[in-house]
Amino acid sequence: MIPKEWLRAAEKRLDGQTHRTPLTYDAGRGLYIKWENRQKTGSFKARGALNKALTLEDWEREMGLVTASAGNHGQGVALAGKLVGASVKVFASKDAPFVKVNAMRALGADVELVEGGYHDAEEAGLAFAKRNDATWLSPYNDGHVVAGQGTVASEILQECPETAEATWLVPVSGGGLLAGISAVLRNYSAEHKQANPARVIGVQVAASAFMHSLFYHGNQDNVEDLPTLADGLTGAVEAGSITIPLIKKYVDEIILVSEEEVAEAVAFAWSEYDEKIEGSGAVGLAAILSGKVTLQPTVIIVSGGNIQPEIHTEILSRYEK
């Protein structure tokens, strides 16, 4: 378990450093929707990166920050580097969306593109950090990163305490957001002695179902890593990641959604809520629209909005009717 002191410290540490993003309630559908596409850098990832960076010693910052990213975490680390005065190097797949690569560079990060997918970028980043004694800042395998991501849940509970008994749908890849949110919810449930604690469901794309396989089978052997609209949810999970036991202990289930369901959710968010969201952020909404989750009330975490413009345009034209 992430210590409750870490969770509370993250709330205080990030107060004024990150946006308190909108939480809307769709009464007709019983949906509470947390719009992290409105967060700094367009993604929840800024929370974990900033929280971790603010815990570093001066010497750790002076060594420079290194990470791997599909794009959103790299932006968060780049923003954190500017705040704490540290250089930032990001390893990313050569197939990462240009909108995310350009945003990382605009924030001052040195971005190195790697052949292969996210897992290849992560391996290259870890090796570089080790060779150069740089400070590695994992997107998910770090207690302070997880605690920072958990502030999403803290904000929702403060604004709407009734959500403590709802069903929560959370995007999952490496598991930092899902682990952080489930830690906050379980801590809240214990403190308030709830008879009916929240049900927490991770949502992942079928094209890259690594955490799903770890959750149900205990391994990620032979899992395919296929191209997907949810580019931020791709890649194998680092061996021994702290998120794996946290998710197995505190998450109720992990479900999969298809590419078509993700695309439909992206279009629905725009037509119904006037919100531009990326595929990774759309998976919770996809689970609702596809009928895979029918329980109400439901909390949906829209984790980001950094979608390649032409892809968004194509999706909207496909579903304009």
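Here is a short report on the structure shown in this document.

Each value, and the rule that gives it
Residues numbered from 1 in each chain as written. Predicted model: local features only at pLDDT ≥ 70, side-chain atom pairs only at ≥ 80, totals over all residues. Heavy atoms only, no water. Helix = DSSP H or I, 4+ residues; strand = E, 2+ residues; numbered from the N terminus. Rg over C-alpha atoms; globule rule 2.2 N^0.38 Å. Buried < 20%, exposed > 50% of the residue type's maximum accessible area, 1.4 Å probe, protein only. Contact = heavy atoms within 4.5 Å. Areas by Shrake-Rupley, 256 points an atom, 1.4 Å probe, with all protein chains shown as cover. Lys, Arg positive; Asp, Glu negative; His and termini not counted. Charge placed at Lys NZ, Arg CZ, Asp CG, Glu CD. Pairing = 2+ DSSP bridges. Axes fitted to C-alpha atoms, helices over the stretch in contact; angles between N-to-C directions. Core = buried A, V, L, I, M, F, W, Y, C linked by side-chain atoms within 4.5 Å. Parallel < 35°, antiparallel > 145°, perpendicular 65-115°, else oblique. Nonpolar A, V, L, I, M, F, W, Y, C, P; charged D, E, K, R; others polar. Salt bridge = Lys/Arg side-chain N within 4 Å of Asp/Glu carboxyl O.

**Some remarks on the overall build of the chain**
- Broken down by element type, the chain carries 14 helices and 10 strands.
- Its C-alpha atoms give the chain a radius of gyration of 18 Å, within 12% of the compact-globule value 20 Å for 321 residues.
- Its C-alpha atoms give the chain principal-axis dimensions of roughly 55 × 45 × 40 Å.
- Relative to its 321 residues, the chain shows a buried fraction of 61%.
- Looking at the chain alone, contacts between residues at least 24 apart form 72% of all its contacts between residues at least 6 apart.
- Of the roughly 12900 Å² that the chain leaves accessible, carbon and sulfur atoms contribute 49%.
- Averaging the locations of the 29 positively and 41 negatively charged side chains of the chain gives two centres separated by 5 Å.

**Points about the sheet that holds strand S3 (residues 65-68)**
- Taken together, four strands build an open sheet; the order of strands is S5-S4-S3-S6 and the sheet is parallel. The open sheet has two edge strands with one neighbour each: strand S5 (110-114) and strand S6 (135-136).
- Sitting on the sheet, helix H4 (residues 72-84) touches S3 and strand S4 (88-93), and the angle it makes with S3 is about 170°.
- Seen against the sheet, helix H6 (residues 118-132) touches S3, S4, S5 and S6 and runs at an angle of roughly 150° to S4.

**Considerations on the nonpolar core**
- Core analysis: the largest hydrophobic core is formed by 53 residues, its most contacted members being Trp168, Ile181, Met211, Ile247 and Ile301.
- By residue number, the principal contributor to this core is helix H9 (residues 176-192), which donates eight residues.
- Sequence-distant contacts of isoleucine 247, that is, excluding residues within four places in its chain, are made with Val172, Gly175, Leu178, Ala179, Met211, Phe215 and Ile254.
- In terms of nonpolar packing, the next biggest core, distinct from the first, is built from 31 residues, Ile33, Phe268, Ala269 and Ile315 among them.

**Focus on the sheet that holds strand S9 (residues 253-257)**
- Read across the sheet, six strands follow the order S1-S2-S10-S7-S8-S9 without closing on themselves; strand pairing throughout is mixed. Looking at the sheet topology across the chains shown, the edges are occupied by strand S1 (23-26) and S9. Taken over all neighbouring pairs, the strand axes of this sheet differ in orientation by 25° on average, direction set aside.

**What to know about the environment of valine 184**
- Position of valine 184 relative to the elements: it lies in helix H9.
- Using a relative accessible area of 9% as the deciding quantity, one classes valine 184 as buried.
- The sequence separation of valine 184 and leucine 126 amounts to 58 residues, and the corresponding C-alpha distance is 29 Å.
- Aside from chain neighbours lying at most four places away, what touches valine 184 is Leu7, Gly150, Ala153, Ser154 and Leu157.

**Description of the packing of helix H1 (residues 4-14) against helix H8 (residues 151-159)**
- Remark: H1 packs on H8, axes separated minimally by 10 Å, with the N-to-C direction vectors making an angle of 85°. Judged on the interaxial angle alone, H8 and H1 are roughly perpendicular. For the pair H1 and H8, contact is made by Ala10, Glu11 and Leu14 and by Thr151, Ser154 and Gln158, respectively.
- Residues belonging to the contact of H1 with H8 are distributed by class as follows: two nonpolar, three polar and one charged.

**Remarks on the pattern of salt bridges**
- Overall, the coordinates contain 20 salt bridges when judged by the stated rule.
- A single salt-bridge network, built from bridges that share partners, covers Lys34, Glu36, Arg47 and Glu155.

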